[in-house]
Each structure stands twice: as C-alpha cells, then as structure tokens.
Amino acid sequence: QANAATGAVTLKAADGVSVFGTLYVAPNPRAVILLFHQAGSSKGEYATIAPKLAVMGYTALAIDQRSGGDLFGPNETATKFGREASYLDAKADLQAALDWATPQGKPVILWGSSYSSALVFLVAAENPGKVAALLSFSPGEYLGQPTLVKDAAAKLSVPVFVTSAKDSGEIAAAGAIIGRVPGADKVHFVPAVAGVHGSSTLIDARNPRGAAENWTAMTGFLNRIVP
C-alpha cells in the first residue's frame, strides 16, 4: 500500500520479508520504473534521480533491498531483516516490486545498479511478458556463478540499456552481458566524458563531469521505448 503524503510503500516478499520503498508518482505516467540500488546502499541512492524521472512522466519506486547499507541513508529492509543477505537473496525483493507494479496497468521498466544491475536480468528472464525494458548500470557476474547473468540475458526479448564507469574492466563486463541479449534493440553506452560505478553515474555530486552526458543517453533510450 502507498501513503500519498509521504510516498512510503511497504511490500511483502514471497518469503514474508517486509520491503520498504519510496514512491515518486507522475500524473498520467507513461510507465513505472522500479529502481534497485547497489551494494551497501539503499533507496536513497535515487533521491536525486527519481524526482527527475517523475517530472519526465515516469512513476518510480525505489526500494531498500535486504542486501544493502547506509551509503545513501538508512536501509530499512536490511535493518529489519537483521542478518547478512547475499546479493542473490535480494532477488526476492526485486520480485516483490515487480509483483506490485504489474497490476498498475503501465509498462514496467527494471533499473539496476551494480549488483542489482545483474539481478534485473534474472528477474526479467523469469517474468516473460511482465517487463517492458531494463536499464543496467555497471552489470557484471556478481552473483556467485560465472555465467548466470549472461545466461539470463540470452533469454530476453525486451530492449536493454547498459552503461558503466569509464573503466576497461566494467566496460568489458557490461559488453559481455549485453552481447548475449538477442535482437538489435539494445544499447551499450560507453561514456565519452566520464562515468562512475552504478547509478551514481547520473548523480552530479558523484559524477560532476559526466552526469549530463549519461542522462542524455539514458533519456534517449527511455523516450524511444516508451513514446
């Protein structure tokens, strides 16, 4: 359920874990974007990004996953979960967000950062027909199996956007994953100016030279797939 005054949302994962989020509502939204954070992080990673998405016409839900921390502010889900969780454990939290978004009647877009940018490929592959597109910021094989993410990418039939830090290792990891996505509707954006790890590449304070360039590439993709 959502509280319109605060934007607070609490979801239940399939295993009963409470997943806390913040909802940014766009009037007459074009789509719903589900925002997932990086390791050691929280929904606060999107405090400057999600409001801009709402202005662009996208309702956005940023969640706290059970694997996270206080890099951008408190992580309520991880705190209440109260024990260590693996990156793969957090897939249940992403699924809970997708289950919330599906009945909204709008295209649903998955957006991941670092470890969650790997998980979005798994969630999209496991939910055919429910995901309209995905955006993946600094993906890699972070989930303990050498080809798990690439194998999921090979099952997709939706548009995919990936980017990363301007770092040869990250660029290669992203390229290896998007290279397995079938079809031609995919973008591997390599920043010309500057890029940093994960969704932070869009945050001016963390990528002062390159954030604008990354926003242009990302919004170009969104505007094309959701007219």
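None of these values were measured; they are calculated from a predicted model.

Colleague: Which parts of the structure should I look at to understand the nonpolar core?
Modeller: In globular proteins that are soluble, nonpolar side chains generally tend to be buried together. Leu11, Leu34, Leu61, Leu110 and Phe121 are the most contacted members of the largest nonpolar core, which has 43 residues in total. Residue contributions to this core peak at eight residues, all from helix α4 (residues 115-126). Those residues in contact with Leu61 that lie beyond four places of it in its chain are Val9, Leu11, Gly21, Thr22, Leu23, Ile33, Leu34, Leu35, Ala97 and Trp100. One finds Ala54, Phe72, Phe189 and Ile203 within the second-largest nonpolar core, a separate group that totals 28 residues.

Colleague: Help me out: how do you make sense of the pattern of salt bridges in this one?
Modeller: This model, assessed by the stated rule, comprises eight salt bridges. One salt bridge in this structure joins Asp15 and Arg66, with 2.7 Å as the shortest N-O distance. Separated by 51 residues along the polypeptide, Asp15 in the loop between β2 (8-12) and β3 (18-24) and Arg66 in the loop between β5 (58-63) and α2 (76-81) bring together distant segments of the chain. The exposure class of Arg66 is buried, given its relative accessible area of 5%. Between Lys43 and Asp64 there is a salt bridge whose closest N-O contact spans 2.7 Å. Taken together, the residues span a long stretch of sequence, with Lys43 in the loop between β4 (31-35) and α1 (50-55) and Asp64 in the loop between β5 and α2 at a distance of 21 residues. Using a relative accessible area of 12% as the deciding quantity, one classes Lys43 as buried. Taken together, the shared-partner salt bridges in this structure form one network comprising Asp15, Arg66 and Asp93.

Colleague: Help me understand the packing of helix α3 (residues 91-101) against α4, please; the structure alone is not making it clear to me.
Modeller: It is at 10 Å that the axes of α3 and α4 come closest, and there the two elements cross at 55 degrees. Taken together, α3 and α4 sit at an angle that is classed as oblique. Between α3 and α4 the crossing geometry is right-handed. From α3, Lys91, Leu94, Gln95 and Leu98 reach across to α4, where they touch Ser116, Leu119, Val120, Leu122, Val123 and Glu126. Looking at the contact of α3 with α4 residue by residue, the class counts come to six nonpolar, two polar and two charged.

What counts, and where the lines are drawn
Residues numbered from 1 in each chain as written. Predicted model: local features only at pLDDT ≥ 70, side-chain atom pairs only at ≥ 80, totals over all residues. Heavy atoms only, no water. Core = buried A, V, L, I, M, F, W, Y, C linked by side-chain atoms within 4.5 Å. Buried < 20%, exposed > 50% of the residue type's maximum accessible area, 1.4 Å probe, protein only. Helix = DSSP H or I, 4+ residues; strand = E, 2+ residues; numbered from the N terminus. Contact = heavy atoms within 4.5 Å. Salt bridge = Lys/Arg side-chain N within 4 Å of Asp/Glu carboxyl O. Axes fitted to C-alpha atoms, helices over the stretch in contact; angles between N-to-C directions. Parallel < 35°, antiparallel > 145°, perpendicular 65-115°, else oblique. Left-handed = near helix turned anticlockwise from the far one by under 90°. Nonpolar A, V, L, I, M, F, W, Y, C, P; charged D, E, K, R; others polar.

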